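Now for the letters of each chain:
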Amino acid sequence: MARLAFFDGCAMVGWRAARHPETIWRPDDFVREYDYYGIAAGLVHHACAVEYHQDYGNRRLLREIADQPQLAPQGVLMPHHTGEIAPADELIPEMLELGVRAARIYPKMHGYDLAEDICGPMLGLLQDRRVPLFVDVTEMSIGQAAALCGRYPELPVILCGVAWGSDRTLEPALAQATNLHIETHAFQGHRAYERFVEQFGSERLIFGSGLPHCSPGAAMMMSLYEDIEDDERDRIAGGNLLRLVKDVRADGPCPIEEIRPGAAREDDDPIVAALREGLPLDDEFVFDSHGHIGHEGSMGIARMQLPYIDGDGLVGTMDRCGIDHCIVSTWSGITHGDEDSNDITLRAVERHEGRLLGYGCVNPRYPQEMQAEVRRVMRSGAMVGFKPYPPQQQVPLTDIRQTLMLEWADRSGAPVLCHGGLNGANAVTPDQLDWLGGLYPNAKFLLAHTGSAWALAEALVPVARCHRNIYAEITYTSILYGMLEYLVREIGRDRVLFGTDCVMRDAAPQLGWAAWARIPLEDKRMVLGGNIADILSWPPELRQSVTRNVRGARKGSD
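What counts and how
Residues numbered from 1 in each chain as written. Predicted model: local features only at pLDDT ≥ 70, side-chain atom pairs only at ≥ 80, totals over all residues. Heavy atoms only, no water. Helix = DSSP H or I, 4+ residues; strand = E, 2+ residues; numbered from the N terminus. Rg over C-alpha atoms; globule rule 2.2 N^0.38 Å. Contact = heavy atoms within 4.5 Å. Areas by Shrake-Rupley, 256 points an atom, 1.4 Å probe, with all protein chains shown as cover. Lys, Arg positive; Asp, Glu negative; His and termini not counted. Charge placed at Lys NZ, Arg CZ, Asp CG, Glu CD. Pairing = 2+ DSSP bridges. Axes fitted to C-alpha atoms, helices over the stretch in contact; angles between N-to-C directions. Parallel < 35°, antiparallel > 145°, perpendicular 65-115°, else oblique. Left-handed = near helix turned anticlockwise from the far one by under 90°. Nonpolar A, V, L, I, M, F, W, Y, C, P; charged D, E, K, R; others polar. Core = buried A, V, L, I, M, F, W, Y, C linked by side-chain atoms within 4.5 Å. Buried < 20%, exposed > 50% of the residue type's maximum accessible area, 1.4 Å probe, protein only. 1 Å grid on protein atoms, 1.4 Å probe; cavity = no way out; pocket = protein on both sides within 12 Å on 5 of 7 lines; lining within 4 Å. Points joined across faces, edges and corners; volume = space filled by probe spheres on them.

Draft legend 1. Inspection of the overall build of the chain at higher detail. Each helix and strand counted, the chain has 23 helices and 17 strands in total. For 558 residues, the compact-globule estimate of 2.2 N^0.38 gives 24 Å, and the chain sits close to it at 24 Å. Taken along its principal axes, the extent of the C-alpha atoms in the chain is 75 × 50 × 40 Å. Sequence-distant contacts in the chain: of pairs separated by 6 or more residues, those separated by 24 or more amount to 77%. Entry remark: accessible area of the chain is about 20,800 Å², with carbon and sulfur atoms responsible for 50%. When the 53 basic and 78 acidic side-chain charges of the chain are each reduced to a single mean position, those positions are 2 Å apart.

Put into structure tokens, the structure is as follows:
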């Protein structure tokens, strides 16, 4: 596959009120990041236009990016009735004259309604000029976006931040509103692009990085690794956005006339070099510490559509990315924790021997059945670890009813994959791990989703420094910029674990989050596989890539 030309459709530059110190804000920083990741250009708006004043922030943006040809301006707009901003028939022509070819609105944050008598003049003129309109899903629901598209059928509407799990609402909306587009940085559902392209074509997916909050490398990975045609990758990565901004009806040149694929860099490590080409990491040992499966043939669970989520679906995605092994639990296991749930895992492990391993799940609310299941699947050695799930079963990990499993993990030195959070009633908190880590010193506590929020990561750091048996597992849709580098620096390279949560979200963005991280190659290899292999005490001969051989064997049998 040829390298892709990426054009970022979702980025915010500038000084902001509550910046986290690990994130960037200067336009120069964005250009530096784009050069590293191979992103040709970015459509950017200014934090000042979001947090302070629209017109003031828009004009500040034009000044601050004037000498950065990779950055194209996006104007933040609002209705004119209160006199805070010029009427649309003055504002939009001026905006176009200044080289702005895209608009963004924040109706909730900025306190106005999208009714025709309020926003009609602005939206009508944007439609007449074919100016693409960006809006976040937190500001406008999928249904509201589809309704807006129906009112303005020639207006390209790009809904940003749409995440996995919304398919049951999203797919009917896309079928209804052909001018509705989806920005992709959070659009990480399992095989999401593949399914989208099959149903709606590739022209309505718009690549976005989510900068400054999100990792651009993670955001790029779906374009690079989904099972779609190369011309479809090209359109999603940048061609679709370039077409939209060039189709704007305006005098004067478009600020971005072309985009070119990113070039290899002399400082690329072998992992990054493979990612740039969209190649599976067949030369690396990659071990996913956090996976899930459903029953055979399943395409979802009660709460949401989750396509291709059985063991076969997971292993197919592992092969596509170059992931050698994964430890899995079942969706029914973290919900019901019954015998049937563990049997689903055991059948998948047997079917994919050497690729999948199992976390056992039990439900502390059924004490007699729990004891029998511990004997059957844990003490027998059928499972390598324990996956408790307080969010569903409502039994905190510190509850006495969890003692049987925790004692097993302590005797076995086994991993306990804990759903992390800061609400102790529904998740395992760093404070709880501080107590558990000392009480069960041989168990290995993996705090899942440590990368989900800075507050959680920062709370874990002092606890992990006190207890060598506490680890940070990263996976989450938020793919926070700088998080991997922070955790490796603050906790240590030997206690940060790669995990994907696949097949809920696709494995590719989570792999990219770790694989693009700016950490030394050997640190990266420990995060991607070495650390979980250490937890399981795997010998060196098992720490070898298997995906190339597996793919070759399958191809030969076809």
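Let's pick the thread back up.
Draft legend 2. View of the sheet that holds strand E6 (residues 133-136). Read across the sheet, six strands follow the order E4-E5-E6-E7-E8-E9 without closing on themselves; strand pairing throughout is parallel. Where the open sheet ends on each side, the last strands, each with one partner, are strand E4 (75-77) and strand E9 (205-206).

Draft legend 3. Fine view of the packing of helix H9 (residues 216-225) against helix H21 (residues 507-515). At their nearest, the axes of H9 and H21 sit 7 Å apart, and the two run at 135° to each other. For the element pair H9 / H21, the angle class is oblique. For the pair H9 and H21, the sense of crossing is right-handed. Where H9 approaches H21, its residues Gly217, Ala218, Met221, Met222 and Tyr225 are matched on the opposing element by Ala508, Pro509, Leu511, Gly512 and Trp513. In terms of residue class, the contact of H9 with H21 is built from eight nonpolar, two polar and no charged.

Draft legend 4. View of the sheet that holds strand E2 (residues 39-46). One open sheet holds the three strands; their spatial order is E1-E2-E3, and the pairing between them is parallel. Across the chains shown, the open sheet's two edge strands, defined by having one partner strand only, are strand E1 (6-13) and strand E3 (71-73). Strand-to-strand twist in this sheet, taken as the mean axis angle between neighbours without regard to direction, amounts to 30°. Strand contacts of helix H10 (residues 230-246): E1 and E2, with the helix running at about 70° to E1, the strand carrying the most contacts.

Draft legend 5. Highlighting the environment of leucine 397. Here leucine 397 shows up in the loop between helix H16 (390-393) and helix H17 (403-412). Between the C-alpha atoms of leucine 397 and glycine 9, which are 388 residues apart in sequence, the distance is 42 Å. Other than its neighbours up to four places away in sequence, leucine 397 contacts Phe386, Pro388, Pro390, Gln402, Leu406, Cys418, Val428, Leu436 and Phe445.

Draft legend 6. Examining the nonpolar core more closely. Core analysis: the largest hydrophobic core is formed by 158 residues, its most contacted members being Leu126, Leu433 and Phe445. Not counting residues up to four positions away in its chain, the partners in contact with leucine 126 are Leu77, Ile92, Met95, Ala103, Val131, Leu133 and Leu155. Leu43, Ile206, Leu242 and Ile256 belong to the second-largest nonpolar core, a separate cluster that totals 18 residues.

Draft legend 7. Representation of empty space enclosed by the protein. Counted by the stated rule, this structure contains five cavities of 30 Å³ or more. Empty space within the largest cavity amounts to approximately 120 Å³. Lining the largest cavity are 13 residues, with Asn58, Leu91, Met95, Leu98 and Val100 sitting closest to its centre. Of all the secondary-structure elements, those providing two or more residues to the lining of the largest cavity are helix H3 (54-64), E4 and helix H4 (88-97). Counting residues per element, the lining of the largest cavity draws most heavily on H3, at five residues. Along the lines of polarity and charge, the residues of the lining of the largest cavity split into seven nonpolar, three polar and three charged.

That's the geometry; what it means functionally is another story.
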